[in-house]
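Here is how the chains run, residue by residue.
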Amino acid sequence: MLLGTCTICTSEQAKYKCPKCDVQYCSIKCFKSPNHKHDETTPDSKPTQTSAPSLEPSNDSKYSYIFNDEKVKYMLSFKSLQIHLQSIYSIMKNESIPFEKKIDQANEKLTSLRSTGSQENELVEEFCQYITHLLNNKSTSSS
């Protein structure tokens, strides 16, 4: 799918589309730009209340270090990332789909968000890379 010119900076080729408003943009810089706004009273860069489950783990969770990481908290404050993670969560919570199929569907969705297609999103890719980095560092330091 070929996109036009970035509607934020108007100088670069658009590579991505906002999942919320379908604005075409070229980079995370343009995506986070004050010129990229939605018709809401709460800006995208602020945490918002959603119907998603709480992302706060219990204190004894083996992944609590991820939730307590400042960069993870910051990235999770973006509405677009919340929307994408919610779509993956919805797949995983669908009780009418066998577990193996849920994994396949969630994987396909995440792959689409990370690398190709109309839903490609740099923030999702950055989030995935950072979480992988945290997990790898924890497993290395535990060994």
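Definitions and cut-offs
Residues numbered from 1 in each chain as written. Predicted model: local features only at pLDDT ≥ 70, side-chain atom pairs only at ≥ 80, totals over all residues. Heavy atoms only, no water. Salt bridge = Lys/Arg side-chain N within 4 Å of Asp/Glu carboxyl O. Helix = DSSP H or I, 4+ residues; strand = E, 2+ residues; numbered from the N terminus. Core = buried A, V, L, I, M, F, W, Y, C linked by side-chain atoms within 4.5 Å. Buried < 20%, exposed > 50% of the residue type's maximum accessible area, 1.4 Å probe, protein only. Domains from an automatic or database assignment. Contact = heavy atoms within 4.5 Å. Phe/Tyr/Trp six-rings, centres within 6.5 Å; stacked < 30°, edge-to-face > 60°. Lys NZ or Arg CZ within 6 Å of the ring centre and 35° of its normal.

> Any chance you could break down the pattern of salt bridges for me, citing the residues and the numbers?
If you walk through the whole model with that rule in mind, you get two salt bridges. Between K73 and E70 there is a salt bridge, and its shortest N-O distance comes to 3.6 Å. Here the residue K73 and the residue E70 both occupy positions in helix α3 (residues 70-76), the gap between them amounting to three residues, near one helical turn.

> Would you mind going over the nonpolar core in detail, with residue names and values included?
The biggest cluster of nonpolar side chains holds 26 residues, and the ones touching the most others in it are Y25, V72, L81, L123 and F127. Looking at this core, the elements with two or more residues in it are α1 (28-31), α3, α4 (79-93), α5 (99-115) and α6 (122-142). It is α6 that contributes the most residues to this core, seven residues altogether. Both domains that meet at this core, namely domain 1 (1-36) and domain 2 (63-140), each give it at least three residues. Sequence-distant contacts of L81, defined by excluding residues within four places in its chain, comprise M75, L76, L123, V124 and F127.

> So what about the packing of aromatic side chains? Which residues, and what values?
According to the stated counting rule, one finds three aromatic pairs in the structure shown. On the basis of an interplanar angle of 40° and a centroid distance of 5.0 Å, the ring pair of Y25 and F31 is categorised as tilted. Of the two residues examined, Y25 and F31, each falls in the buried class. An aromatic cluster is built from Y16, Y25 and F31, whose rings are joined through pairwise contacts. Of note, K138 hangs over the ring of Y65, and the distance from its end group to the ring centre comes to 4.9 Å.

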